[in-house]
Amino acid sequence: MRNKTTEPISVPTHSNTLKWLAGAAMCLALCMVLPFLTGQIPQVGGMLSPMHIPVLLAGYLCGGWWGMLVGAIAPVLRFLLFGMPPIFPTGLCMCFELAAYGLFSGMLYRKMPRITGSIYLSLVLAMLGGRLVWGLAAAVIYAVAGLDFGMQVFLTGAFIQAAPGIVLHILLIPPIVMLLQRVKLI
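My aim in this report is to walk through the structure given alongside it, one point at a time. Keep in mind that this is a model prediction, so the values were computed, not measured. (Residues numbered from 1 in each chain as written. Predicted model: local features only at pLDDT ≥ 70, side-chain atom pairs only at ≥ 80, totals over all residues. Heavy atoms only, no water.)

**Brief notes about the overall build of the protein**
We apply this condition: Numbering of helices and strands runs from the N terminus, with a helix taken as a DSSP run of H or I at least four residues long and a strand as a DSSP run of E at least two residues long. Three exposure classes are used, based on accessible area relative to the maximum for each residue type with a 1.4 Å probe and protein chains only: buried under 20%, partly exposed in between, and exposed over 50%. In this description, contact between two residues means that some pair of their heavy atoms is separated by no more than 4.5 Å. Shrake-Rupley sampling with a 1.4 Å probe provides the accessible areas, and residues are treated as covered by the protein chains on show and by no other component.
Check the secondary structure of the protein and you find nine helices and zero strands. The secondary structure elements of the protein, listed N-terminal to C-terminal, are α-α-α-α-α-α-α-α-α. Reported as C-alpha extents along the three principal axes, the dimensions of the protein are approximately 75 × 35 × 30 Å. A total of 186 residues make up the protein; the buried ones form 41% of that total. The long-range share in the protein, meaning contacts at least 24 apart out of those at least 6 apart in sequence, stands at 72%. Accessible area of the protein: about 10500 Å², with a carbon and sulfur share of 75%.

Written as structure tokens, this is what we have:
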């Protein structure tokens, strides 16, 4: 017979949920702040996509569902607080795009082996998936609004104008994820 006084008491904890909630809140706060770094020159902000960085990181740090939540909320909250991005059609399309970034980065990262190459691959796939979701959402939203959105607009917006941001994200996000792994936050 076991001695019940020496057995550890199993108490359910919500430490992971709190950790993910805190990480998601931090990433959402960064979504509000980072665009101020490029806000004085809207063309630069559009090219560097500063809100994308914390949303992608939210997926890695907190998981796909939390990343999706951060991505879906960020454009609307930023519009309500600061009036940017314009909510229609830009902000609405961004809600779908950023939600996809957070979801895909988190889900792909969790499914792949924890090696450097996987971080880069999951990031590139998440960015491609997010851009495709943006294109589909924009095609529907622009059509409903009676605005023109074709393949040329998609390619220009998703890849040509976004090229500096794509490069920045590929250079910046994997080292941050590796650092978060090293300090055991992921």
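There is more to say after this.
**Quick word on the packing of helix H4 (residues 52-62) against helix H6 (residues 87-111)**
Cut-off, in case you're wondering: For every element, the axis is a line fit to its C-alpha atoms; helices are fit only across the contacting stretch, and the angle between N-to-C directions ranges from 0 to 180 degrees. By definition, turning the near helix anticlockwise from the far helix through less than a right angle yields a left-handed crossing, and turning it clockwise yields a right-handed one. Polarity classes work like this: nonpolar for Ala, Val, Leu, Ile, Met, Phe, Trp, Tyr, Cys and Pro, charged for Asp, Glu, Lys and Arg, and polar for all others, with Gly in that last group.
Running from N to C, H4 and H6 cross one another at 35 degrees; their axes reach a closest spacing of 7 Å. Remark: the crossing between H4 and H6 carries right-handed chirality. For the pair H4 and H6, contact is made by His-52, Val-55, Leu-56, Gly-59, Tyr-60, Leu-61 and Cys-62 and by Glu-97, Leu-98, Tyr-101, Gly-102, Ser-105, Gly-106, Tyr-109 and Arg-110, respectively. When grouped by side-chain class, the residues that make up the contact of H4 with H6 number eight nonpolar, five polar and two charged.

**What about the side chain of Ser-105?**
Tracing the chain through its elements places Ser-105 in helix H6. By relative accessible area, which is 0% here, Ser-105 ends up buried.

**So, helix H1 (residues 15-33)**
To keep things clear, this is the line we draw: In this analysis, the expected span of each helix is defined as 1.5 Å times one less than the number of residues it contains.
With 19 residues, H1 ought to run about 27 Å at 1.5 Å a step, and its terminal C-alpha atoms sit 27 Å apart, in line with that. Residues Gly-23, Ala-24, Cys-27, Leu-28, Cys-31 and Met-32 constitute the buried set of H1.

**A closer look at the nonpolar core**
A general feature of soluble globular proteins is that nonpolar side chains tend to end up buried together. Convention followed: Here, nonpolar core means buried Ala, Val, Leu, Ile, Met, Phe, Trp, Tyr and Cys residues that are tied together by side-chain atoms lying within 4.5 Å of each other.
Ranked by internal contacts, the top residues of the largest apolar core, which has 31 residues, are Cys-31, Leu-56, Tyr-60, Val-70, Ile-173 and Val-177. Counting only elements with at least two residues in this core, the list comes to H1, H4, helix H5 (64-82), H6, helix H7 (116-144) and helix H9 (163-182). Beyond its immediate stretch of four places on either side in the chain, Ile-173 contacts Ile-53, Leu-56, Leu-57, Tyr-60 and Leu-123. Of all hydrophobic cores here, the second largest spans nine residues; its members include Ala-137, Ile-141, Phe-149 and Ala-158.

**Considerations on the side chain of Glu-97**
Inclusion rule: As used throughout, the charge tally considers Lys and Arg to be positive and Asp and Glu to be negative, leaving His and the chain termini uncounted. Note on definitions: salt bridges are taken to be side-chain nitrogens of Lys or Arg within 4 Å of carboxyl oxygens of Asp or Glu.
Position of Glu-97 among the secondary structure elements: in helix H6. At 4.8 Å, Arg-131 is the nearest oppositely charged side chain to Glu-97, a buried residue that forms no salt bridge. The residues touching Glu-97, leaving out its near neighbours within four places in the chain, are His-52, Gly-130, Val-133 and Trp-134.

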